[in-house]
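Structural overview for review
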Amino acid sequence: MLRAYRQIDKYLYHMRLSEETLQEVSQRFRKEMEKGLGADTNPTASVKMLPTFVRSTPDGTEDGDFLALDLGGTNFRVLRVKVSDNGLQKVEMENQIYAIPEELMRGSGVQLFDHIAECLANFMEKLKIKDKKLPLGFTFSFPCHQTKLDESILVTWTKGFKCSSVEGKDVVSMLRKSIKKRGDFDIDIVAVVNDTVGTMMTCGYDDHNCEVGLIVGTGTNACYMEEMRHIDLVEGDEGRMCINMEWGAFGDDGVLNDIRTEFDREIDMGSLNPGKQLFEKMISGMYMGELVRLILVKMAKEGLLFGGRLTPDLLTTGHFETRYVSAIEKEKEGLQKAHEILTKLGLEPSHEDCVATHRICQIVSTRSANLCGATLAAVLRRIKENKGVDRLRSTVGVDGSVYKKHPQFARRLHKTVRKLLPDCEIRFVRSEDGSGKGAAMVTAVAYRLAAQHKARQKILEELKLSHEQLLEVKQRMRIEMEKGLGKETHAEAAVKMLPTYVCSTPDGTEKGDFLALDLGGTNFRVLLVRIRNGMRRGVEMHNKIYSIPVEIMQGTGEELFDHIVHCISDFLEYMGMKGVSLPLGFTFSFPCQQNNLDEGILLKWTKGFKATGCEGEDVVNLLKEAIHRREEFDLDVVAVVNDTVGTMMTCGYEDPYCEVGLIVGTGSNACYMEEMRNVELVEGEEGRMCVNMEWGAFGDNGCLDDIRTEFDMAVDELSLNPGKQRFEKMISGMYLGEIVRNILMDFTKRGLLFRGRISERLKTRGIFETKFLSQIESDCLALLQVRSILQHLGLETTCDDSIIVKEVCTVVARRAAQLCGAGMAAVVDKIRENRGLDFLKVTVGVDGTLYKLHPHFSTVMHETVKQLSPKCEVTFLQSEDGSGKGAALITAVACRIREAGQR
């Protein structure tokens, strides 16, 4: 017995592939896949990698009543598939098989499709569903070129079909025509499906990790979910799409010639399609038995088997069937089966002949499983690399007679895949009825996606502003500005339009040393700013950051200002400038009423400050008193500055046209140079003054209610200051993430996202930081970044979920940028009209994290201003350090003007 084995092993040495060879095959297949995916290489690629337009696998929430049509041979089936979710995920099926008469297979295409339509009508009649318009999935197992999910152009007929005038045409529209002609029922053909894809989808319903479909039966093929960014043949980079590989043609360009044997060449020569589907001919059921027969014949001729005897049966093509291979390889009765089969072929086999035949079958089927495993490993490795994971957990849905009926095939295939991919956990699931149930599944998924998409768009529609709406916002901002400027209306105005007593922007002649203080949060800065003019014009800065302990933020005013003076003293010592008296600018970013450049009355603390005895007091006085208490140095406090004004001044030093300041960061605000005659709260008509708009409060009187959505209301209600700063809450960094989180919650509750499961983290206020918006939208790494952010939020996401989250972020940020632009348009147009100009050239100095870091915010905002204020040419300049450098510049300008006045 062993002798017989050894003899065969030696004889079929070339069919026994080593692990190195299989690795090599796997590598070559990887290259072929890449060729098929590339736009330039696809035309000459043998592995065609056809896009199927199936973009998503089932998620278990599919629901509804579907029809499926399965045409792939001499019979065809009509099925009705009921998918119900109600938490139990069940599928009910009824089906009917119809024959296709020989004459129809060779007749005209119209006759064929009329026959199919008639059978459909018969089926629907039987089930009493003719009055319903049901969605249908069509499994059409012939080589097709698909251009959309519901459009498939037949390339060539195979399997004995020869219907005239179908090749080169869309089979869906032919079927639609036949149905329409009848007029007794109507259906919605949603998808054309290849049986391999159907296999993947059927398994995908039970196992959401399933992203590969494999068939090893009469023929062989595979499909898998590829990243859209790698599919050159289809527009778009977002998400994934199932690729029908048509892998049977691997090797048609000669890349497998070194491992093909004389028997493979002989089979190919005698086939209907010589030179084509060479890989399939080494693997699939249609050829496996024939390979064994050719080996038996050759060995008999050489006198190595059957005592050199041949029989007419053994010499007839196709007489050694593939099912014989399965029978002979059965554990117990294999040898007895071999004896029966060989006897049936007219031979008189000895025990040795039976053992040898068993071994030949084993080698042929093992090679088949090994090759299949090698190409499958290539596919899985690609998926692993696409996902960028260390360990891939994935499922392969499998169908086909060889896989299901051969006693050893599946086990060997799994073993090969494990050997070649030690770093992956792969499950194999046997598919039940991929071509019927699978087609219905593709349809069910398409239906679910379309319905969910529609529902989401309806919700997002409220956040999309039309040109008319934006013009309206601009006009309302203008009205509110007038109210804030007017003496009579100022008290009840929402947009306060506070005078800043800054009456001039830098002219470039400023010079000298200045100190600046910047207090606007838990940290506080002291700066020394050296401004030079003339040839060496420029600004040189030194600064030090000091923290403010909580007990001081919430203690007495005296303690707070003593701490500040202590820090100034430390800074002067650090700079070696003890005892020098310098002019000082104080950036104080809290709501103030200014009655003079060097007088700011604190209206109320914000941002967690609670120091007593400060509200209603002049902060410059509080600072001066603290300096006197210390009796160490004297400072000339020239200006109290708001950071928005500082931003305008910093840019004004670079660009003389800069007369507007804008901040879009955690909060949002703007300022601009207004004509003194319009600033009714301050005496005097001559010249200009910078007005700090405090525009975050725009809408607090209800004037924006028609464009605020339920999500804006929700964010407002849960904020620290309900009903206040409504405009800011729609546009600034502190709130955008919160708006997004509320929309995602709403989507999830409606089952439109995350499979309807809300994580505890997603319920947490403030968890979705605004910086995530910037990261998600600047995402060129496909959607990997989105996924890692969502995972950090405890959300298990599919690829589709990531696309949706990205879309929500885009809509929310776009609206913010447009609203900001509408506000800006109102400001620049007011400046233009103030000056009676037909055309205004103006620069806006901008600061803030949202403006600077978000990938699209600034672009959208600029576009909006351009559309809403066509008579203004607006340039945006990013400001560097408005609160530090800006405060020093305001002080410098004030000193320059003061000196000019003294002269």
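Scroll up to find the structure this text is about.
Residues numbered from 1 in each chain as written. Predicted model: local features only at pLDDT ≥ 70, side-chain atom pairs only at ≥ 80, totals over all residues. Heavy atoms only, no water.

Looking at the overall build of the protein
Looking only at helices and strands, the protein has 29 helices and 26 strands in total. Principal-axis analysis of the C-alpha atoms gives the protein an extent of 125 × 65 × 50 Å. Going through the 903 residues of the protein one by one, you find that 58% of them count as buried. A fraction of 70% describes how many contacts in the protein between residues 6 or more apart in sequence connect residues 24 or more apart. (Helix = DSSP H or I, 4+ residues; strand = E, 2+ residues; numbered from the N terminus. Buried < 20%, exposed > 50% of the residue type's maximum accessible area, 1.4 Å probe, protein only. Contact = heavy atoms within 4.5 Å.)

Considering a negative patch on the surface
Residues E488, E680, E683, E685 and E686 make up a contiguous surface patch of negative charge. Along the chain, E686 turns up in the loop between β23 (668-675) and β24 (688-692). Since its relative accessible area comes to 70%, E686 is described here as exposed. (Patch = residues over 30% accessible without salt bridge, like charges linked within 9 Å, V, L, I, M, F, W, Y side chains within 5 Å. Areas by Shrake-Rupley, 256 points an atom, 1.4 Å probe, with all protein chains shown as cover. Salt bridge = Lys/Arg side-chain N within 4 Å of Asp/Glu carboxyl O. Lys, Arg positive; Asp, Glu negative; His and termini not counted. Charge placed at Lys NZ, Arg CZ, Asp CG, Glu CD.)

Some words on the environment of C210
Turning to its location among the elements, C210 is positioned in strand β9 (residues 210-216). Sequence-wise, C210 and S394 are 184 residues apart; in three dimensions their C-alpha atoms are separated by 6.1 Å. For C210, the residues in contact, after removing those within four places along its chain, are T57, M200, C203, G204, T395, V396 and G397.

Considerations on the packing of aromatic side chains
One pair of aromatic rings is described through two measures. These are the centre distance and the angle between the planes. Going through the model one piece at a time under the given rule, you end up with 21 aromatic pairs. Geometrically, the ring pair formed by F66 and Y447 is edge-to-face, given 6.0 Å between the ring centres and 80 degrees between the ring planes. Residue F66 is located in strand β2 (residues 64-71), and its partner Y447 is located in helix α15 (residues 437-461); the two are separated by 381 residues in the primary sequence. Here F590 and F609 contribute two aromatic rings whose centre-to-centre distance is 5.1 Å and whose plane-to-plane angle is 70 degrees, an arrangement assigned as edge-to-face. Here F590, found in the loop between β18 (583-588) and β19 (592-596), pairs with F609, found in the loop between β20 (599-602) and α19 (619-630); they are 19 residues apart in sequence, far enough to count as distant. You'll find F590 and F609 in the same group, each marked buried. Through a chain of ring-to-ring contacts, three or more aromatic side chains come together here, namely F586, F588, F590, W605 and F609. The aromatic ring of Y574 is capped on one face by K544, whose charged end is 4.5 Å from the ring centroid. Positioned above the aromatic ring of Y657, the side-chain terminus of K841 is 4.9 Å from the ring centre. (Phe/Tyr/Trp six-rings, centres within 6.5 Å; stacked < 30°, edge-to-face > 60°. Lys NZ or Arg CZ within 6 Å of the ring centre and 35° of its normal.)

What to know about the sheet that holds β23
Pairing is mixed across the open sheet formed by six strands, whose spatial order is β14-β24-β23-β22-β25-β26. This sheet does not close on itself; its edge strands, each paired only once, are β14 (498-499) and β26 (872-878). By the bridge criterion, five bridges tie β23 to β24 in an arrangement that is antiparallel. Each bridged residue has a counterpart across the sheet, and for Y672 the counterpart in β24 is V691. Helix α20 (residues 643-654) rests against β22 (658-664), β23, β24, β25 (840-847) and β26 of the sheet, and its axis sits at about 135 degrees to β22. Where helix α28 (residues 857-868) meets the sheet, it contacts β22 and β26, and its direction lies at approximately 160 degrees from that of β26. (Pairing = 2+ DSSP bridges. Axes fitted to C-alpha atoms, helices over the stretch in contact; angles between N-to-C directions.)

A short note on the nonpolar core
Buried together is how nonpolar side chains tend to be arranged in soluble globular proteins. Counting 113 residues, the largest nonpolar core has L662, Y672, M693, W695, F768 and M824 as the members making the most contacts within it. Those residues in contact with M693 that sit more than four places away from it in its chain are M477, M481, V495, K496, M497, N669, A670, C671, Y672 and V827. (Core = buried A, V, L, I, M, F, W, Y, C linked by side-chain atoms within 4.5 Å.)

Description of helix α18 (residues 557-574)
Given 3.6 residues to a turn, an α-helix orients residues that are three or four positions apart in the same direction. With 18 residues, α18 should reach 26 Å at 1.5 Å per residue; the first-to-last C-alpha distance of 26 Å fits that figure. Looking at α18, one finds that the buried residues are G557, L560, F561, H563, I564, V565, C567, I568, S569, F571 and L572. Contacts made by the buried residues of α18 are with β15 (512-519), β16 (523-532), β17 (538-547), α17 (550-553), β18 and α19. Downstream of α18 by a residue or two, G576 has a phi angle that is positive, lying close to 70 degrees. (Expected span 1.5 Å × (residues − 1).)

Quick look at the packing of helix α26 (residues 799-834) against α28
The geometry of α26 relative to α28 is characterised by a closest axis approach of 7 Å and an angle of 40 degrees between their N-to-C directions. The orientation of α26 relative to α28 falls into the category oblique. In the packing of α26 onto α28, the handedness of the crossing is right-handed. On α28, the residues that touch A813, R814, A816, A817, Q818, C820, G821, A822, M824, A825 and D829 of α26 are F857, V860, M861, T864, V865 and L868. Residues that form the contact of α26 with α28 fall into these classes: twelve nonpolar, three polar and two charged. (Parallel < 35°, antiparallel > 145°, perpendicular 65-115°, else oblique. Left-handed = near helix turned anticlockwise from the far one by under 90°. Nonpolar A, V, L, I, M, F, W, Y, C, P; charged D, E, K, R; others polar.)

Description of the side chain of E728
With respect to the element layout, E728 can be found in helix α22 (residues 726-731). One buried charge, E728, has no salt-bridge partner; the nearest side chain with opposite charge is K729, at 7.3 Å.

Section: the environment of G836
Here G836 lies in the loop between α26 and β25. Expressed as a C-alpha distance, the spacing of G836 and G600, which sit 236 residues apart in the sequence, is 33 Å.

A few points about the packing of helix α6 (residues 195-206) against α15
Two quantities define a packed helix pair, namely the angle between the helix axes and the distance between the axes. As a packed pair, α6 and α15 sit with axes 7 Å apart at the nearest point and diverge in direction by 70 degrees. Between α6 and α15, the angle is such that the two are roughly perpendicular. Residues G198, M201, T202 and Y205 of α6 form the contact with α15, whose participating residues are K437, G438, M441, V442 and V445. Its residues placed into classes, the contact of α6 with α15 shows five nonpolar, three polar and one charged.

Examining the pattern of salt bridges
When the charged atoms of two side chains with opposite charge come close together, those side chains can pair. Taken as a whole and assessed by the stated rule, the structure comprises 76 salt bridges. A salt bridge links D184 to R182; its shortest N-O distance comes to 3.0 Å. For D184, a relative accessible area of 30% translates into the label partly exposed. The class for R182 is partly exposed, based on a relative accessible area of 36%. Among the salt bridges present, the one from R815 reaches D712, with a minimum N-O distance of 2.6 Å. Residue R815 is found in helix α26, and its partner D712 is found in helix α21 (residues 710-717); the two are separated by 103 residues along the sequence. Accessibility assignment for this pair places R815 and D712 in one class, buried. Beyond isolated ion pairs, a larger network of salt bridges with shared partners links K474, R478, E482, D829, R832 and E833.

Quick word on the pairing of strand β21 (residues 636-641)
In the case of a regular strand, side chains alternate between the two sheet surfaces. Counting buried positions along β21 gives five out of six residues, so the element sits mostly inside the fold. Strand direction decides the pairing type here: β18 and β21, joined by five bridges, are parallel. Bridging across to β21, L584 finds its partner in V637.

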